[in-house]
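# Structural characterization, general
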Amino acid sequence: MTKTANNLRLFVAAGSAVIVMVIFVIGIIQSSISAHTERHYSRVAEEMNQNVARLIESKKKSTLALTLALADNSTIKSVLLNSASEDSLVASSQHLSAELRKHTKYKNVWIQVIDRAGVSRSRSWVDKYGDPIYKVRKDIQQILKRPHVIETISVGKFTISFKSIVPIFAEHEFIGVVEVITHFNSIIKELEQSGIQSVVLADKRFEDQLTKPISNTFIDGYYVANFDVIRDDVALIKEVGVEKLINQTAPFVTKAQLISTTAIFGLSEKPVGYYLQIAPLNQIAFPETEALIRKIILSALLIISLSFLFAFVLYRNKRRIEQQQRFIQSVTDSATDLIFICQRNTISRANKAFKHSFPSLLGQPIDSFISQIHSSALFSTEHKPNGQSFLNLSLNQEQDLELTIEGTKRYFSLNTQTIPGDQKQYVLRLVDITERKQVEQTLQLSASVFTHAREGILITERDGTIVDVNDALLQITGYKKEEVIGQKPSLFSSGHHGKEFYHSLWNDITEKGYWSGELWNKRKNGDIYAQMLTISSVKDGENEGYFVALLSDITTIKEQQKKLELIANFDPLTGLPNRRHIIELLHEGMANAMKQMKTLAVFYLDLDGFKDINDTYGHEYGDQLLVTLANRMSKAMGQQDIVGRVGGDEFIGAFFEEPNSVFTDKLHHILEQLAKPIFVEGYKLQVSASIGVTLYPQQRSTDADKLVREADQAMYQAKLAGKNRYHFFDAEKDQYIRGQHQALEDIRRALERGEFVLHYQPKVNMFTGQICGAEALIRWQHPEEGLIMPGDFIPTISAHPLSVDLDEWVILTALKQIELWLHSGFDIPVSVNISPLQLQDSEFSKRLEKLLHTVSPAARTRLSIEVIESHALENMSTALNAIEESKALGISFSLDDFGTGYSSMSYLKRLPVEELKVDRSFVHGMLNNQEDLAILSATIGLAKAFDKKILVEGVESEEQGQRLLSLGYQEAQGYFISKPISADQFIEWQANWKAPLSWTYDRDEPALMI
């Protein structure tokens, strides 16, 4: 029975082998024929690609040859040398194009002649000439700068085409260029004669650039450049997909056609287009395959014969393998380590410990085990080795592995051996080394942090003796490690801090366990530097432990901070305090005058004749004069006195004295010093000064700004009185007040009669060219005087309750206009300006809420409010409340005229505004004034630091916009963009608005063709 059963098993095995071999033979025949066919198609496609590449290269060379011939044409040269008219050149170009179409294969040739100034002098396809073509053609700009030959294929607004540009010389002098453009049509026609249809595509990244496509046919964004497009070919390409055709390395074969794709390159590495060839399969000849099939069948019969022998050998080996497996299983089950056997890349056997840890891996490929390994020295590349590679790499050596067992990460040491006498079976043993590995990792992490930390680390004994430092500390201090170990931290002392400082430091460490702060220390070379230092007390079990200091060098930050303070507070030319800082000093001076019961004399000084010196000798001489006079004034002032430059030739100062006679003595002395001539490079420069003076304290309440305004008014009186003198402010004059009353009454009547109108000035994004909003600006349509600007009447009511009524009219009118625009489909935000009284009025938000409820919720959200910087800071707490209450209604705020006030960065941080509007005064002189440029650059840095939007006012030229974009500004308004206009004019303007090309032109895009 046993023998019969064995024979039966052998018969079954042999029969199975025969069936497998038959199936194998059929598969080989099919795959061989298929592979043979694919290789033949690939060779045909390669020949097609080589042929079209040759045709393209030939067309490029012939186009260049034609261009070179035209570069020597006498008619073209005579026109460029102005000895012949453009009309003759246009006629000649058109005649040449016609002759080429008639007598050659060049049926589509376009010729253009451009002079050395970049102006088109002739186009063969249109009578237009005389336009500066270089402005829109980057390749023309390059060849004008450096005459050279350009031979390429590019995409323009009409199609993809061949282009050659050749410089023209007359008597070795560069006089212009000639450009010849040809089409792919001749190549398409030539291939049609051999039965191949062609489709030329321009890459889809040029879709927006093709503004006037000749064929007007696109497939998935790719432009079809054929003049005569075959619809069946287009339908086939659409069905297959352009992306699939251009990304597939092998030719694409349908039931009836073979499609081959050739990339078309220009000057860049990326293809500008693709040449698709479609060949019918019935025209492709196939080699005979019968001989190949006969060889395969004979080989298969031999394999079938051998299969019977294989079945017999298989049976004999089976029992021996079973015995080996039983023996190995008994040995491994007794081990505590994880042991498993891998046979033919499959986990065939495993001990109990392995089955417990990985119950699902038995019978699975070795790759299933490899996939659970997180890391190993065996994985030196980006991908894990698979199957046999893993076994070969780990054979006869120990490797550490990281595995996850039951959700816990564990580490093992792997040892791989082969079974003696059977090199195809591998025994893998995993020894758990998790505890040892965790200890090693902890030690390595601590050492790595200490060694590679960018901050300096210093460890001392409790008595202060340095026991270790890291490399970062040595780099900061300049010492070597052996020079520091065993020393005390006093080695780094700079002497800048006294005993009280260190006493407080050690008290914090004793009480809190740490100290953190800034400290000035000394490097080995003697340089003093600033550091941010944290000292912590670290205990070592029951022992006293150590002190650990963590420090970083902040010297650069301190220096930058100092530079920012200088920029913010001092005039860069004279070194005197600027307007912002002088106002702060005046506030301090007023407080000291009240406290010390002294008189403070505030003066406003303007130089007489300074403009004439600037106009006559230039700004460099004017600047030297200002520096010299500023030094003279500084020397003429007392120790407690102050003086600062507030702009141009204007200065503000103050004296602290008791008797008034001393004031006059100092004023006379300043006038004398400023009137003395100075000599600059042999030129005698001389000016005088007009000074206005006001005194403090006064009977009525006042502040520093008002004192400056009073002194300014007095200075004006000094100029009217003849200049080179001083004049004290007369507080008793009431003529101005009476004039104010009359002006207020006129404005009140105008408001009642409806004489005020709103004009809207656009705000745009210079980079994208998009309209991002509008500012509503009030105008007085006076029945007699015509349109009056706000600067002529707003200052009159700025501190009067009438300004509140006018503000409410502006807000309500703007809201209604927003509502009208929304109904017409025009949606932009609109900002309005409010008076300083609004911010000081606790009822402002309630009145604003009533106005908002007169329009729809959509219109409310489009309204924003602009407040002037100095007004927002007059009473910070009240202004903050007003702004916060208004923001709760959905209204956003902008800080207008930013940079002209005197707010500190702390105030800017507190103000809940979303946007900063940089004052126009900085833009006006930015192209010639480095101070304005520096302020603009610093301002955008502040906006980024405080996460504020930023908009710049007063853009009056294209060049200013370019420079502002280079500084990082994008949103702007100004007369170059548009003056304030009526609501109806605004709609017409926005339909025609287009930003200058220099603002929006992307230099990374390919140059546009004609």
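Residues numbered from 1 in each chain as written. Predicted model: local features only at pLDDT ≥ 70, side-chain atom pairs only at ≥ 80, totals over all residues. Heavy atoms only, no water.

In the nomenclature of an unreviewed UniProt entry, the protein chain corresponds to Diguanylate cyclase/phosphodiesterase (GGDEF & EAL domains) withPAS/PAC sensor from the organism Neptuniibacter caesariensis. Its UniProt record gives the protein chain a comment under Cofactor (unreviewed entry), which states: "Mg(2+)". Of the protein chain, the UniProt comment under Subcellular location (unreviewed entry) reads exactly: "Membrane". (UniProt positions renumbered as here; feature names shortened; annotations may be inferred.)

What follows covers the overall build of the protein chain. Counting its regular elements, the protein chain contains 35 helices and 38 strands. For the protein chain, the residues scored as buried account for 44% of the 1010 residues in total. The long-range share in the protein chain, meaning contacts at least 24 apart out of those at least 6 apart in sequence, stands at 59%. In the structure as shown, the protein chain presents an accessible area of about 54,000 Å², 52% of it carried by carbon and sulfur atoms. (Helix = DSSP H or I, 4+ residues; strand = E, 2+ residues; numbered from the N terminus. Buried < 20%, exposed > 50% of the residue type's maximum accessible area, 1.4 Å probe, protein only. Contact = heavy atoms within 4.5 Å. Areas by Shrake-Rupley, 256 points an atom, 1.4 Å probe, with all protein chains shown as cover.)

Remark: a regular strand shows side chains that alternate across the two faces of the sheet. Two strands pair when backbone bridges link them, and strand β15 (residues 398–405) and strand β16 (residues 408–419) are joined in this way by 8 bridges, in the antiparallel orientation. Across the sheet, isoleucine 405 pairs through a bridge with threonine 408, a residue of β16. Linkage of β15 to β16, two consecutive antiparallel strands, is achieved through a turn of 2 residues, within which glutamate 406 is found at a positive phi near 50°. (Pairing = 2+ DSSP bridges.)

This brings us to the side chain of threonine 574. Counting through the fold element by element, threonine 574 comes out in the loop between α16 (555–569) and α17 (579–596). For threonine 574, a relative accessible area of 13% gives the class buried. There is a polar contact of 2.7 Å between the side chain of threonine 574 and the side chain of aspartate 571. Within the structure, threonine 574 has its side chain in polar contact with the backbone nitrogen of leucine 576 (distance 3.3 Å). Threonine 574 has contacts with Leu626, Val627, Ala630 and Arg645, leaving out every residue within four places of it along the chain. (Polar contact = N/O pair within 3.5 Å; in protein donor to acceptor, adjacent residues only side chain to side chain.)

Turning our attention to the sheet that holds strand β2 (residues 120–123). On the basis of which strands lie adjacent, the open sheet formed by 5 strands has the order β2-β1-β5-β4-β3 and antiparallel pairing. Taken across any chain shown, the strands that pair with only one partner, and hence form the sheet edges, are β2 and β3 (150–155). Strand-to-strand twist across the sheet, computed as the mean angle between neighbouring axes with direction ignored, equals 20°. Relative to strand β5 (residues 173–182), strand β4 (residues 160–170) runs antiparallel, the two sharing 9 bridges. Paired with serine 164 across the two strands is valine 180, which belongs to β5. (Axes fitted to C-alpha atoms, helices over the stretch in contact; angles between N-to-C directions.)

A word on the nonpolar core. One finds Tyr760, Leu863, Ile865 and Leu964 to be the most contacted residues of the largest nonpolar core, which totals 74 residues. Considering each element in turn, this core owes the most residues, 8 residues, to helix α24 (residues 802–823). In contact with leucine 863, other than residues within four places in its own chain, are Ile811, Ala814, Leu815, Ile818, Val830, Val832, Leu852, Ile891 and Ser892. If you look at the next biggest cluster of nonpolar residues, it comprises 30 residues, including Leu607, Met633, Met637 and Leu671. (Core = buried A, V, L, I, M, F, W, Y, C linked by side-chain atoms within 4.5 Å.)

Another point: the pattern of salt bridges. If you walk through the whole model with that rule in mind, you get 35 salt bridges. Two residues, aspartate 827 and arginine 862, come together in a salt bridge whose shortest N-O distance is 2.7 Å. Of this pair, aspartate 827 sits in the loop between α24 and β33 (830–833) while arginine 862 is found in the loop between α27 (857–861) and β34 (863–868), placing the two residues 35 residues apart along the sequence. Residues participating in the shared-partner salt-bridge network are Lys763, Glu775, Glu866, Lys917 and Glu953. (Salt bridge = Lys/Arg side-chain N within 4 Å of Asp/Glu carboxyl O.)

Here we come to unusual backbone geometry. The step from tyrosine 696 to proline 697 runs through a cis peptide bond, and the omega angle for that step is 5°. Note on placement: proline 697 falls in the loop between β28 (688–696) and α21 (704–720). With phi around 55°, arginine 344 is a residue other than glycine that occupies positive phi space. Within the secondary structure layout, arginine 344 lies in the loop between β12 (338–343) and β13 (346–350). For asparagine 345, which is not a glycine, the phi torsion comes out positive at approximately 65°. Relative to the elements of secondary structure, asparagine 345 occurs in the loop between β12 and β13. By relative accessible area, which is 29% here, asparagine 345 ends up partly exposed.

Across the 6 residues of β3, 5 count as buried, placing the element largely inside the fold. Across 6 bridges, β3 lies against β4 in antiparallel orientation. In the strand pairing of β4, isoleucine 153 is matched with phenylalanine 162.

Counted by the stated rule, this structure contains 27 aromatic pairs. Site record: aromatic cluster; members linked through ring pairs are Tyr760, Trp821, Phe826, Phe986, Trp989 and Trp993. The cationic tip of arginine 462 hangs over the ring face of phenylalanine 547; the distance from NZ or CZ to the ring centre is 4.2 Å. (Phe/Tyr/Trp six-rings, centres within 6.5 Å; stacked < 30°, edge-to-face > 60°. Lys NZ or Arg CZ within 6 Å of the ring centre and 35° of its normal.)

Turning to the sheet that holds strand β11 (residues 271–280), a few remarks are in order. Ordered by their spatial adjacency, 6 strands build an open sheet running β7-β8-β6-β11-β10-β9, and the pairing between neighbours is antiparallel. Either end of the sheet is taken by a strand with one partner, and the two such strands are β7 (218–219) and β9 (252–253). Pairing geometry for strand β10 (residues 257–265) and β11, over 9 bridges, is antiparallel. Note that in β11 the partner of leucine 258 across the bridge is alanine 279.

A separate point is the side chain of arginine 523. Examined against the element boundaries, arginine 523 turns out to sit in the loop between β20 (514–522) and β21 (528–540). Taking the relative accessible area as the measure of exposure, arginine 523 reaches 18% and is therefore buried. Excluding anything up to four places from it in sequence, arginine 523 contacts Ile476, Thr477, Tyr479, Tyr529, Asp553 and Thr555.

Another aspect to go through is the environment of isoleucine 583. Of note, isoleucine 583 is situated in helix α17. Classification of isoleucine 583 by relative accessible area gives buried; the value is 1%. For the pair isoleucine 583 and alanine 704, spaced 121 residues apart in the sequence, the C-alpha separation amounts to 6.3 Å.

A few words now on the environment of alanine 704. Within the secondary structure, alanine 704 is located in helix α21. Overall, alanine 704 belongs to the buried group, its relative accessible area being 0%. Taking C-alpha positions, alanine 704 is 6.0 Å from histidine 587, a pair spaced 117 residues apart along the chain. Excluding residues that lie within four positions of it along the chain, alanine 704 makes contacts with Ile583, Leu586, His587 and Met590.

Here the focus is the environment of glutamine 713. Tracing the sequence through the fold places glutamine 713 in helix α21. Put simply, glutamine 713 and isoleucine 691 are 22 residues apart on the chain and 9.8 Å apart in space, counted from C-alpha to C-alpha.

Let us now look at the packing of helix α32 (residues 930–945) against helix α33 (residues 958–967). A pair of packed helices is characterised by two quantities: the angle between their axes and the separation of those axes. Remark: α32 packs on α33, axes separated minimally by 10 Å, with the N-to-C direction vectors making an angle of 45°. The orientation of α32 relative to α33 falls into the category oblique. α32 and α33 meet at a crossing whose hand is right-handed. Taken together, the residues of α33 that come into contact with α32 (itself represented by Leu933, Leu936, Ser937 and Ile940) are Arg963, Leu964 and Leu967. Across the contact of α32 with α33, the residue classes break down as 5 nonpolar, 1 polar and 1 charged. (Parallel < 35°, antiparallel > 145°, perpendicular 65-115°, else oblique. Left-handed = near helix turned anticlockwise from the far one by under 90°. Nonpolar A, V, L, I, M, F, W, Y, C, P; charged D, E, K, R; others polar.)

This part takes up helix α4 (residues 138–145). Every buried residue of α4 is accounted for by Asp139, Ile140 and Ile143. Buried residues of α4, viewed axially, fall in a sector of 100°; they line one side. Here the buried face of α4 lies against β1 (109–115), β3, β4 and β5. (Arc of directions from axis to C-beta.)

A few words now on the confidence of the model for the protein chain. On average, residues of the protein chain score 83 in pLDDT, and 84% of them reach the 70 mark or higher. Confidence drops under pLDDT 50 across residues 1002–1010; counting only partners more than four residues distant or on other chains, this segment forms 26 contacts. (pLDDT = per-residue confidence, 0-100.)

Contact geometry of α17 with α21 gives a least axis separation of 9 Å together with a crossing angle of 105°. When the interaxial angle is binned, α17 and α21 end up roughly perpendicular. Contacts from Arg579, Ile583, Leu586, His587 and Met590 in α17 reach Ala704, Asp705, Leu707 and Val708 in α21.

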